[in-house]
Amino acid sequence: YTGKETNDVIALKVNNILVRDVQSLPILITADTSIYDAIVKMFLEDVGTLYVIDDEQSLTGVISRKDLLKGTMSFKDTENTPVSAVMTRSPNIAMCYPDDLLLYVAKQIIDRQIDSLPVVVEKNGRIEVTGRITKTNITKVFVNLME
Ligand code: ADP
């Protein structure tokens, strides 16, 4: 292959990878979960982002590591302060769908300077979180393409 042909082959492959092909499982909590418990959950589940859902299992917030750091700086009693005090709320949440191109998600992660996007399915007004795409998912795809 020439350099250009190799690039074309890679572009062709990248333009066929969908969110559903590489998504991971989401870790979900409710808005009344304490900052303390959210930190414990983040360690136990070994993730960098938790998604917050309401009573109808619909997405209402995002909690990152820095949100929780901010929470511990701002509130003394983290065992009695809910994550709703520090989470990023809808409608400010960037989301993606199972049939989206992974490349589109990668662009959003760069443009919005975030680590992950929830994968959602919309059902009668509810936003059900079915997965997540992280920088790690995208890095794995990059490595696979080169091997
Ligand atoms: P960290 O804060 O641990 O570096 P991020 O860069 O992902 O992790 O998060 C930065 C900020 O962006 C946080 O306030 C977080 O709540 C928010 N955030 C993370 N993911 C999303 C998303 N998909 N949509 C909107 N905001 C998000």
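Bear in mind the structure is a predicted one, so any value in this text is a computation, not a measurement.

The rules behind these values
- Residues numbered from 1 in each chain as written.
- Predicted model: local features only at pLDDT ≥ 70, side-chain atom pairs only at ≥ 80, totals over all residues.
- Near = placed C-beta within 6 Å.
- Helix = DSSP H or I, 4+ residues; strand = E, 2+ residues; numbered from the N terminus.
- Nonpolar A, V, L, I, M, F, W, Y, C, P; charged D, E, K, R; others polar.
- UniProt positions renumbered as here; feature names shortened; annotations may be inferred.
- Pairing = 2+ DSSP bridges.
- Contact = placed C-beta atoms within 7 Å.
- Axes fitted to C-alpha atoms, helices over the stretch in contact; angles between N-to-C directions.

**Some remarks on the site of the ligand**
No. 1: Neighbouring the ligand are 15 residues, the closest being Ser64, Arg65, Lys66, Thr88 and Asp115.
No. 2: Of all elements in the fold, only strand 3 (59–64), helix 4 (65–74) and strand 5 (116–123) reach the threshold of two or more residues within the shell around the ligand.
No. 3: With 3 residues, helix 4 is the single largest residue contributor to the shell around the ligand.
No. 4: Class assignment of the residues belonging to the shell around the ligand gives a composition of 5 nonpolar, 6 polar and 4 charged.

**What about the UniProt feature "domain: CBS" (unreviewed entry) in the protein?**
No. 1: UniProt's entry tags residues 22–78 and 87–147 with the feature "domain: CBS" (unreviewed entry), counted in the numbering of this structure.
No. 2: Overall, residues 87–147 shows 38% helix and 31% strand. The separation of its end C-alpha atoms is 39 Å.

**Brief notes about the sheet that holds strand 1 (residues 28–30)**
No. 1: If you trace the 4 strands from one edge of the open sheet to the other, you get 1-2-3-4, paired in mixed fashion. If you trace the sheet from one side to the other, it starts and ends with strand 1 and strand 4 (88–89), each paired once.
No. 2: Pairing of strand 1 with strand 2 (residues 49–53) involves 3 bridges; the strand directions are parallel. Counterpart to Leu28 in the pairing with strand 2 is Tyr51.
No. 3: Strands strand 1, strand 2 and strand 3 of the sheet are contacted by helix 3 (residues 35–45), whose axis makes an angle of about 130° with strand 2.

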